[in-house]
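One-letter residues, chain by chain:
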Amino acid sequence: MPWPEADRYARRVEEPLIERMRAYGETIFAEMTRLAVETDSVNLGQGFPDTDGPRALLENASRNILEGVNQYPPGPGRLELRRAVSRYRSRHYGLDFDPESEVYVTVGATGGIAASLSALVEPGDEVIVFEPMYDSYAAMISLAGGVRRPVALRHEAEGGRFTFDPAELRAAITPRTRLIMINTPHNPTGAVFTYAELEEIAKLCREHDLIAITDEVYEFLTFDDREHVSPATLPGMRERTLSISSVGKMFAVTGWKIGWVTGPEPLVRAVRTVNQFLTFSANGALQLAIADAIDNEGVWVQRQRLELQGKRDRLAEGLRGAGFDVNVCEGTYFLMADIRPLGYVDGEDLARALPREAGVAAVPAKVFYDHREEGRHLMRFAFCKKDDVLDEAVGRLKRWGTAEG
Ligand code: PMP
Ligand code: GLN
């Protein structure tokens, strides 16, 4: 007689993934990069620069490895890096964090997001997220057993900025709301939240005693003299905010996967408790080099910002020339383009076809929304590429558009 549970156990092997993660397949970035490689396309999908970070940073990292910085760093990170992070948070935002207890180094911002959400979200807790949202938020909230409450960022008007309706945000809060995720500068819309917008959010955090997790990986990539406002600087926010950053964007080394979390001691301690069992620590040789770069490479960061601003304008003009309606971003290195003027309605279909048809890869914005209809007509193009690469992409899109039309 068969064991009564046999069926269930058999399925455990054939379909082993836990139920709450089954909605998540391959990430859109991996899928589009693979498609770009297969079709020899210009890859404006996954956001990674095609030039390296500051030379001194690269040399220091190599030297550290050769000189023997090759064993485990302390779990919370090398103190040199924690001190450098504390200094720049103070220099740029006037916020003081104790390097010993209020700064914690993670495996990229992704590691910081995963550890923070795992540490703070109980099963059934609700998390407010602005959509479109970076893909790891949804997955990590699900893994923690939390529930997403998306609030839309919408285009104000033709060519306008993306913003949210404060009434909609307020209406999303329930007695189960535990925290709000804020991503500014925002991927994929390129919006840089204003002080007034952040104050709307802060007001609700104070009123309902909510925690904020802020993803600030693009903090130094803002354009047209716009300044990034770190949400922890708003009244009453320092004591309830975990701010997450990454070296990947700051110094154009996305493959290094070092990030850091800053916040009040109790929140950072919660992250530390979880993260010591997730990754224990992050690459030590790189941490030392990054500490030095944070203290000494302000000019490089400023130059990167200006160069990217030029690339933004170059790609925006090119995409318009190819028939897209383009929203000029305020920060990040992404442009959102409306495909409807070209006669298309679904960005996901077009993103899958474009590499083969035009030799250009981009990312459909739709996948960053729970309410997929909201982003159906939008595609995200990365402009952190050499000028000739951007020009090649535009040339290909124009030829494709002409052939199509
Ligand atoms: N948050 C946002 C908004 C991002 O765009 C990215 C991609 N860099 C990350 C987090 C992940 O950063 P990291 O590569 O440091 O894990
Ligand atoms: N942050 C990058 C982007 O938005 C991709 C990171 C990844 O591949 N997961 O394009």
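Residues numbered from 1 in each chain as written. Chains lettered and ligands numbered in written order. Predicted model: local features only at pLDDT ≥ 70, side-chain atom pairs only at ≥ 80, totals over all residues. Heavy atoms only, no water.

A. Structural detail: helix α5 (residues 108–120). End to end, α5 covers 19 Å across 13 residues, agreeing with the expected 18 Å (1.5 Å per residue, within 8%). When α5 is considered as a whole, its buried residues turn out to be Gly-108, Ala-109, Gly-111, Gly-112, Ile-113, Ala-114, Ala-115, Ser-116, Leu-117 and Leu-120. (Helix = DSSP H or I, 4+ residues; strand = E, 2+ residues; numbered from the N terminus. Expected span 1.5 Å × (residues − 1). Buried < 20%, exposed > 50% of the residue type's maximum accessible area, 1.4 Å probe, protein only.)

B. Expanded view of the sheet that holds strand β15 (residues 378–382). Strand order across the open sheet formed by four strands is β11-β12-β15-β14, with antiparallel pairing between neighbours. The sheet terminates laterally at β11 (325–327) and β14 (363–364), the two strands that pair on one side only. Bridge count for β11 against strand β12 (residues 334–338) is three bridges, and the pairing is antiparallel. When the sheet's bridge partners are listed, Asp-325 is paired in β12 with Asp-338. This element, helix α13 (residues 347–358), spans β14 and β15 of the sheet and lies at about 45° to β15. (Pairing = 2+ DSSP bridges. Contact = heavy atoms within 4.5 Å. Axes fitted to C-alpha atoms, helices over the stretch in contact; angles between N-to-C directions.)

C. Expanded view of the site of ligand 2. All residues in the neighbourhood of ligand 2 are listed as Phe-29, Gln-46, Gly-47, Tyr-134, Asn-187, Tyr-218, Lys-249, Phe-334 and Arg-380. Within the side chain of Tyr-134, one N or O atom sits 3.3 Å away from a nitrogen atom of ligand 2. Protein contacts shield 79% of the accessible area of ligand 2, which totals 300 Å² for the unbound molecule. Along the lines of polarity and charge, the residues of the shell around ligand 2 split into four nonpolar, three polar and two charged. (Near = heavy atom within 4 Å. Polar contact = N/O pair within 3.5 Å; in protein donor to acceptor, adjacent residues only side chain to side chain. Areas by Shrake-Rupley, 256 points an atom, 1.4 Å probe, with all protein chains shown as cover. Nonpolar A, V, L, I, M, F, W, Y, C, P; charged D, E, K, R; others polar.)

D. Looking closely at the site of ligand 1. Taken together, 13 residues are adjacent to ligand 1, and Thr-110, Asp-215, Tyr-218, Lys-249 and Lys-257 come closest. Thr-110 places a polar side-chain atom, nitrogen or oxygen, 2.5 Å from an oxygen atom of ligand 1. A distance of 2.8 Å separates an oxygen atom of ligand 1 from a polar side-chain atom of Asn-187. Taking 390 Å² as the accessible area of ligand 1 by itself, protein coverage stands at 93%. Tallied by class, residues from the shell around ligand 1 come to five nonpolar, five polar and three charged.

E. Spatial organisation of unusual backbone geometry. That bond from Thr-184 to Pro-185 is cis: its omega, -15°, falls within 30 degrees of zero. Its location among the elements puts Pro-185 in the loop between β7 (177–183) and α8 (195–208). The step from Asn-187 to Pro-188 runs through a cis peptide bond, and the omega angle for that step is 10°. Here Pro-188 shows up in the loop between β7 and α8.

F. Examining the packing of aromatic side chains more closely. What the rule picks out here adds up to 16 aromatic pairs. Aromatic pair Phe-29 and Phe-368: ring centres 6.0 Å apart, planes at 35°, arrangement tilted. With Phe-29 in helix α2 (residues 28–39) and Phe-368 in the loop between β14 and β15, this pair connects stretches of sequence that are 339 residues apart. Given the relative accessible area of 8%, Phe-29 is considered buried. Their ring planes at 75° and their centres at 6.2 Å tell us that Tyr-88 and Trp-260 sit as a pair that is edge-to-face. Taken together, the positions of Tyr-88 in helix α4 (residues 79–93) and Trp-260 in strand β10 (residues 259–262) put the pair 172 residues apart, joining distant regions of the chain. Trp-260 shares its class with Tyr-88; the two are buried. These aromatic residues form a ring-pair network of at least three members: Phe-29, Tyr-134, Tyr-137 and Phe-368. For Arg-380, the ring lying beneath its charged end belongs to Phe-334, and the centroid distance is 3.5 Å. (Phe/Tyr/Trp six-rings, centres within 6.5 Å; stacked < 30°, edge-to-face > 60°. Lys NZ or Arg CZ within 6 Å of the ring centre and 35° of its normal.)

G. Region of the structure containing the packing of α2 against α13. At a closest axis distance of 9 Å, the pairing of α2 and α13 adopts a crossing angle of 20°. Judged on the interaxial angle alone, α13 and α2 are roughly parallel. Considering only the axes of α2 and α13, their crossing is right-handed. Packed against α2, whose contacting residues are Ile-28, Glu-31, Met-32, Leu-35, Glu-38 and Thr-39, the element α13 presents Ala-351, Arg-352, Pro-355 and Arg-356 at the interface. (Parallel < 35°, antiparallel > 145°, perpendicular 65-115°, else oblique. Left-handed = near helix turned anticlockwise from the far one by under 90°.)

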